[in-house]
Amino acid sequence: MTRSEELFEKAKHLIPGGVNSPVRAFGSVGECPRFITKAQGTQIWDVDGNQYTDYVGSWGPMILGHNHPAVLEAAMEAAKNGLSFGAATEAEVTMAQLVCDLVPSIQMVRMVNSGTEAVMSAIRAARGFTGRDKIIKFAGCYHGHCDAMLVKAGSGVMTNGVPDSAGVPGGCAADTLTAVYNDLGSVEQLLLDNPGQVAAVIIEPVAANMGVVTPKEGFLQGLRQLCDRHGTLLIFDEVITGFRLGLQGAQGVFGVTPDLTTFGKIVGAGMPVGAYGGRREIMETISPVGRVYQAGTLSGNPVAMAAGICQLNILQNHPEVYTHINALGDRLRKGLQEIVGRRGTAAQVTGTGSLACLFFTDKAVVDYETAKTSDTGRFGDYFRHMLNHGFYFAPSQFEAIFLSNAHTDADIDRVLETADAFFAK
């Protein structure tokens, strides 16, 4: 028995499912979770001494690679002054100014502790601002585990075969309406069926929790128009895409301005942090200025702020990072597409920028229903083949491949060579 297996057996008696987040479970790919001890650049090591090239990157925030020396130094210097104060710090102001400067749609921002908390708070602000209760989300889009959003969620919920969640009161879900991603008609119908009742439409502008599903041309622009027509706010959940697709996130790439935006751990260079921001008039409904209550003792944690400020400054001052990681993404997607085409494999390659996904289906993946046609058993075979050859991918068909600035063309070539060997079987 390996050390990872020993730890997992022990963990199952102490932690539900043996993991502290369902996305870390390897059950759907028939493996034991690897217990990681350290990471550097593109490499991670488990407790058994196995070394892998990592394509998860802590689920996205390690855009510069693991343990970037400047980010590490910034965090360590901040930690010397104290791990947490529960009081205002200069770093919070610096971070707020940086986010507002980088993302034109954001005039005010508030720090929180996770993407889930950012979404929960943004929805509350939207309801408080509009005086409306209903929210429209999209099937397969994951917005964290707050009650109202666990309706046809993606990611870990899909992997574990649970369409919704027990423990969510019916009243919470009653005000959550579900539309079809890439289908403007489904959104318009919900707005017409609930006139003057929808506070906000929330969307992952690039859906990255049912695999990676990109928006059709005009889809996001059409959402903006529908929201304007019905007096409904548009919330972009950029927990995955924010500062990854570019300094302005997906909204900059697609040229669509949301009313509110949520961010996740990339704001803290991978540390536990989130943020939400948007138009001043909306954000000023939040306490202590307004009547929408939201608080957090650890919000704006000084160590997380220091790490995040350092990473965002590097991204701002080195645009070549985006050139590099986007080129790697193109190389990976084109290479995989060539392989599955040449091998006659029923598979689809999707993604944009430094995000990619390989779906094991013969259908074009454009929404939740088509994503669910994937052969998860075949994905499990592929996952184990790649893991056994030293590549650490997300243990789920319905997650993204994340590339970092530390990856190289040679890394991509090795992935393609190993994948080709799998499809040649």
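Relevant structure appears above.
Analysis parameters
Residues numbered from 1 in each chain as written. Predicted model: local features only at pLDDT ≥ 70, side-chain atom pairs only at ≥ 80, totals over all residues. Heavy atoms only, no water. Axes fitted to C-alpha atoms, helices over the stretch in contact; angles between N-to-C directions. Helix = DSSP H or I, 4+ residues; strand = E, 2+ residues; numbered from the N terminus. Parallel < 35°, antiparallel > 145°, perpendicular 65-115°, else oblique. Contact = heavy atoms within 4.5 Å. Nonpolar A, V, L, I, M, F, W, Y, C, P; charged D, E, K, R; others polar. Salt bridge = Lys/Arg side-chain N within 4 Å of Asp/Glu carboxyl O. Buried < 20%, exposed > 50% of the residue type's maximum accessible area, 1.4 Å probe, protein only. Pairing = 2+ DSSP bridges.

Draft legend 1. Focus on the packing of helix α7 (residues 184–193) against helix α8 (residues 219–230). The N-to-C vectors of α7 and α8 enclose an angle of 10°; their axes lie 10 Å apart at closest approach. Considering the angle they form, α7 stands roughly parallel to α8. Between α7 and α8, the contacting residues are Leu184, Val187, Glu188, Leu191 and Leu192 on the first element and Phe219, Gly222, Leu223, Leu226, Arg229 and His230 on the second. Among the residues forming the contact of α7 with α8, the class breakdown is seven nonpolar, two polar and two charged.

Draft legend 2. Fine view of the pattern of salt bridges. Counted by the stated rule, this structure contains 19 salt bridges. Close ionic contact of lysine 12 with glutamate 9 constitutes a salt bridge, the shortest N to O distance being 2.9 Å. Of this pair, lysine 12 and glutamate 9 are both found in helix α1 (residues 3–14), three residues apart, which corresponds to roughly one turn of the helix. Taking relative accessible area as the criterion, glutamate 9 reaches 35% and is therefore assigned partly exposed. In this structure, the salt-bridge partner of glutamate 188 is arginine 229, at a minimum N-O distance of 3.6 Å. Here glutamate 188 is found in helix α7, whereas its partner arginine 229 is found in helix α8, with 41 residues between them in sequence. Here the salt bridges share partners, and the residues they tie into one network are Arg224, Asp228, Asp259, Arg279 and Glu281.

Draft legend 3. Representation of the environment of glycine 308. Along the chain, the position of glycine 308 falls in helix α11 (residues 302–317). For glycine 308, the residues in contact, after removing those within four places along its chain, are Met95, Val267, Gly268 and Ala269.

Draft legend 4. Representation of the sheet that holds strand β9 (residues 260–263) in the model. Strand order in the open sheet formed by seven strands is β4-β10-β9-β8-β7-β5-β6, and the pairing between neighbours is mixed. Each of the sheet's edge strands pairs with one partner strand only, and the pair in question is β4 (108–112) and β6 (176–179). For this sheet, the mean inter-axis angle between neighbouring strands, taken without regard to orientation, is 20°. Where β9 and strand β10 (residues 274–278) come together, four bridges link them in antiparallel fashion. Paired with phenylalanine 263 across the two strands is alanine 275, which belongs to β10. Helix α3 (residues 90–102) contacts β4 and β9 of the sheet and is inclined by roughly 125° relative to β4. Docked against the sheet, α7 engages β5 (134–138), β6 and β7 (198–203), running at close to 150° with respect to β6.

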